[in-house]
Structure formats: structure tokens, C-alpha cells
Amino acid sequence: MSFEYNLEKQHAKGKLHAIERINLLCDKGSFMEIYSEASHQCTNFGMESKKIPYDGVITGFGTVNGKKVAVYAQDFTAQGGTLGKLHGQKIAELIKKAIEVRCPVIGINDSGGARIQEGVDALCGYGEIFNQNVKASGVIPQISIIAGPCAGGAVYSPGLTDFIFTVDSISHMYITGPKVVKQVMFMDITDEELGGASMHSKKSGVAHFRSDTEKDCFEKVRQLLDYIPHYYGEEQKKDEKIKFNSKKIKQIEEILPEGSNKGYDMKAVVECLTDDDSFIEVMSEFATNAIVGFAKIEGQTIGVVGNNPGAVGGILDSDASDKIARFVRYCDCYDIPLLTLVDVPGYIPGPNEEQKGIIRHGAKILYAYAEASVPKVTVITRKAYGGAYIAMCSKHLGADFVYAWPKAEIAVMGAEGAIGILYAKEMKDPANADLIATKSQEYKNTFMTPTIAAQRDYISAVINPTETRARLISSYNVLKGKRSLEKAYCKHGNIPL
């Protein structure tokens, strides 16, 4: 059986065809298609006379940057890319085979959803995919590219994968579409507003990366695959091409502002500590008070987590907690060392976040860091207050080395808040202004320095900002080959999801 690709139909919609997408993703000439002759067995609603090329999804193996990958791409020009039993079976078998041969699986989603003519068989197809998604989790990386509509049950396969890539004006992802929303909720809403790339990147946190064009999207996927292990246990090779501009060692001293309450961009610190242009930020538009991403130090991949004082003071809220915890667990899955940069005034107060479940969400960071057995290095650049100090990979949660810059403030809370509690009565009398000022300075000198924490062995060393990169290099060299002690036997813990 032979089929021709209907490129023009996709191009008319401003989209690439499934095979063009595969060719953009994979190294030239490397893709090997499998199950190309697969044909559905449905005989309902006139389907017995319909021939659907490769049952609407192209599956196979190729290489990216010379390394093996499994790829499937739904073809919207073939019965709308709808998923029937065989369509789902092809994808599920590809994932299963990817687990066996130990390579990442990349899914390019562009589908009208479940094939209604096949009824419950279509749901069976989804179920088999979800089952394999879960079996692959932590074994091989799973990447989803939303290159068209992805609705209903179809969204849960990407939701189970590690990274979701979206493209402006092309990606649409939702449980129920605008028509159903209007019928049920009497609300007029567009595809973009309900489930577009921007919404999922900025508001829902479902998308990890957003691109202007499909070409840019596939280039980002290729770049990410060059950073991460391709299966659990793969030893990462050093990237010899990476360089470091030594001028950045001095530049790091200029980042922190004079006032301790003034914001700055923690990404500037990351850039000064890591190899030139090596930082790939993940979820850059969501919960911007926290940053997560991959970078390289002397050519070796590390996972970077940090508070960002340039956005809401770097405070921890529910969204930032989810973002950090998920990323930490991914790095731990694949033995990627962690670097945590701390400047956090605490967990966010107030009824909105309490009602949203900040206790539950905030606990995820504690769980993720305490559970992680990879090398963990923490640098406190400025503030580390209260429970957030503990949560951001303190020694108490198993950090291997914790370093603090000289201006670091490690305390239960800031001086103003502490004095407000300790001298609440005295503060009511304006005549005690000098006393309050004296006590405030006394509190700062006594508690809000890294000295006390260092004396109690909570800090490995107080270092100058210019020493930080050298310390990180030495620390990761020491921690190479780290093996954690066995924990008490159980199936698994119960993370507060």
C-alpha cells in the first residue's frame, strides 16, 4: 500500500506536514518509518471504505545530533489525525520499544481527537498510550510538541510527559473546546484564549517552552536533547565546545544592589557562573519569581534552580513551588546535579495563597529536595528567611555543600518583622524610636549574617561572589559518583501532589 503526503493541505493552514516536521527534527536522512502499512479495522459509519494513510500517525526512529530517538507525528490531513485503536496502538508500541532500546520519545501532536466512529476502541487507544507514558517516566525522556489542536483525552499524554513545546497561533490545547464551553457555560472564548501557546506558557504552567515558529520550536527541541541524558543511567559526556569568559568572574560583584530590599535578576548570576550562553531556561514565562533550567559548567550539564528577586521579591508561592519541585524531581530522575541559588524572603502570606493550598504546594519543594539523591550545591546570595530557607535546598534537606556570600541574611524573618514581634509594646510609643533602631541593628548583627549558620555547621563556607564558580567546579568534582545511603524499604513515598 502506498500513500502520498498531502503537504498543500497543511501549508494552506500555515502549518508544516507531519513528515516535514520529522525531517526538521531528525538529522538529515536518518528517519526510519515503521508500521507504515497499518490499516484500521473499523466498519462503522462508512469507515470500511476509507483508507487512512498509516492510520493518521507516522511512527519511527531517527537520530538527533547523532543520537537515537523515537518519533511519532500525527497527520491532520489523514482523517484529521484522529486517534483510533490502531493509531493509539502504534504510538504505545513505539514508546514501549523506545523504553527497550533506551532512547527519548518525541510526540508531535496535531489531531482532531478521538475517532468517534470507533467508539470505545478509540478510548482504548488513549489508555494504552497513557500506560506506556507512565512506564517510560524516569526511564527515558518524553517530549511533546503541540503542533495543532490537542483536545479532550488527547491532552493527558502530553500532560504525562516531561516537556511540552508550543508554537504561537498553532498550538491549541484544552480539555473541552470553545464550542462546548459556550454550550455549557454560555461563554464566548477563542481557541487562543482557552488553550493557546501564550496562555499555557504564562498562566497555566502546562507548557515549558513557547516558540514563534515551528522551525524555531524544533531547533529548541534539538538543543534540549543535547543537554539531557537520553536514558536513565547514561553518563553524560563533557561538551568540549563550551567556553567561559573570565571577565564574568568580576562582573558577578556588580549584580547585587546596595539595598537589601531592591530587586535584581537572578539569571544574571546564573550567566556569570555557568559556561558562556549555556543556560536554557525552562518555563521562563510562568511563576517568574522562580527560575529553573539547564546550564553547563566546564561542559557538564547541571540543573539550575533559583529565586528571582526581580519578580515579586523572589517569594515562594504555589505556582513557583510546583515549578521548582517538578524540575528538581526531573533532574533527580536522570542524575543531573543541582545548583540552587537562594534569595528568598519567605513563603507568600495572605488568604489567596492559603486558599489556593500554599501549604500543600509549598511542601512539594521540601519533598522534592529531601528525596533527591543527586549532587546538590546551594549558594545563598542574599536573603534566606524562615521556612523558605529550609525549603530551598538547605543542609537540613540534604544539600551536600551550602555556600553563602558575605551579605547573606539567614534568619527566621527580616529585622523589622522580628523587632515588631519582640518589642510590640515599645513600638507603640514614638519615644522609643531610638531603642527600636538600636534593637533592630542588634538583631541584624546577631542573626542576619552567615556567621551564626557557619558556626553551627549549616554553611559549608562563607565565600566571596568571585570565588563561586571555582567552588562549584570543585564541589561537583568532589561529588562525582556520589551514592546516597539506602532508605527504609517501601514502594515509594507519598508526595503532597
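See the structure shown above.
To keep things clear, this report deals only with the structure shown in the data block. (Residues numbered from 1 in each chain as written. Predicted model: local features only at pLDDT ≥ 70, side-chain atom pairs only at ≥ 80, totals over all residues. Heavy atoms only, no water.)

### Focus: the overall build of the protein
- Along the backbone of the protein there are 20 helices and 17 strands.
- In terms of C-alpha radius of gyration, the protein reaches 26 Å, essentially the compact-globule figure of 23 Å for 497 residues.
- Viewed in the frame of its principal axes, the protein has a C-alpha envelope of about 90 × 55 × 45 Å.
- Working note: accessible area of the protein is about 23200 Å², and carbon and sulfur atoms make up 54% of it. (Helix = DSSP H or I, 4+ residues; strand = E, 2+ residues; numbered from the N terminus. Rg over C-alpha atoms; globule rule 2.2 N^0.38 Å. Areas by Shrake-Rupley, 256 points an atom, 1.4 Å probe, with all protein chains shown as cover.)

### Thoughts on the pairing of strand S5 (residues 142-146)
- Of all 5 residues in S5, 5 are buried, a share of seventy percent or more.
- Burial of the side chains of S5 extends over both faces: Gln142, Ser144 and Ile146 are buried on one face and Ile143 and Ile145 on the other.
- Note that strand S4 (residues 105-109) and S5 share 5 bridges and pair parallel. Note that in S5 the partner of Asn109 across the bridge is Ile146. (Buried < 20%, exposed > 50% of the residue type's maximum accessible area, 1.4 Å probe, protein only. Pairing = 2+ DSSP bridges.)

### Here we look at the pattern of salt bridges
- Applying the stated criterion across every chain yields a total of 22 salt bridges.
- The salt bridge involving Lys296 is made with Asp239; its shortest N-O contact spans 3.4 Å. With Lys296 in strand S11 (residues 290-297) and Asp239 in the loop between helix H9 (214-225) and helix H10 (248-251), this residue pair connects regions lying 57 residues apart in the sequence.
- Members of the salt-bridge network, linked through shared partners, are Lys15, Arg21, Asp110 and Glu214. (Salt bridge = Lys/Arg side-chain N within 4 Å of Asp/Glu carboxyl O.)

### Some details on unusual backbone geometry
- A positive phi angle is found at Phe186, which is not glycine, with a value near 55°.
- Although it is not a glycine, Cys393 adopts a positive phi angle of roughly 55°.
- Along the chain, Cys393 falls in the loop between helix H15 (386-391) and strand S15 (401-404).
- For Cys393, a relative accessible area of 0% puts it in the buried group.

### Considerations on the sheet that holds strand S2 (residues 57-64)
- Judged by pairing direction, the sheet is mixed, and its 7 strands sit side by side in the order S1-S2-S3-S4-S5-S7-S9 without closing on themselves. Only two strands of the sheet have a single neighbouring strand rather than two, namely strand S1 (32-34) and strand S9 (209-211). Within this sheet the neighbouring strands show an average axis-to-axis angle of 20°, counted without direction.
- Of the strands in this sheet, S2, strand S3 (67-74) and S4 are in contact with helix H2 (residues 18-25), which crosses S3 at around 160°.
- Sitting on the sheet, helix H3 (residues 85-101) touches S1, S2, S3, S4 and S5, and the angle it makes with S2 is about 20°. (Axes fitted to C-alpha atoms, helices over the stretch in contact; angles between N-to-C directions. Contact = heavy atoms within 4.5 Å.)

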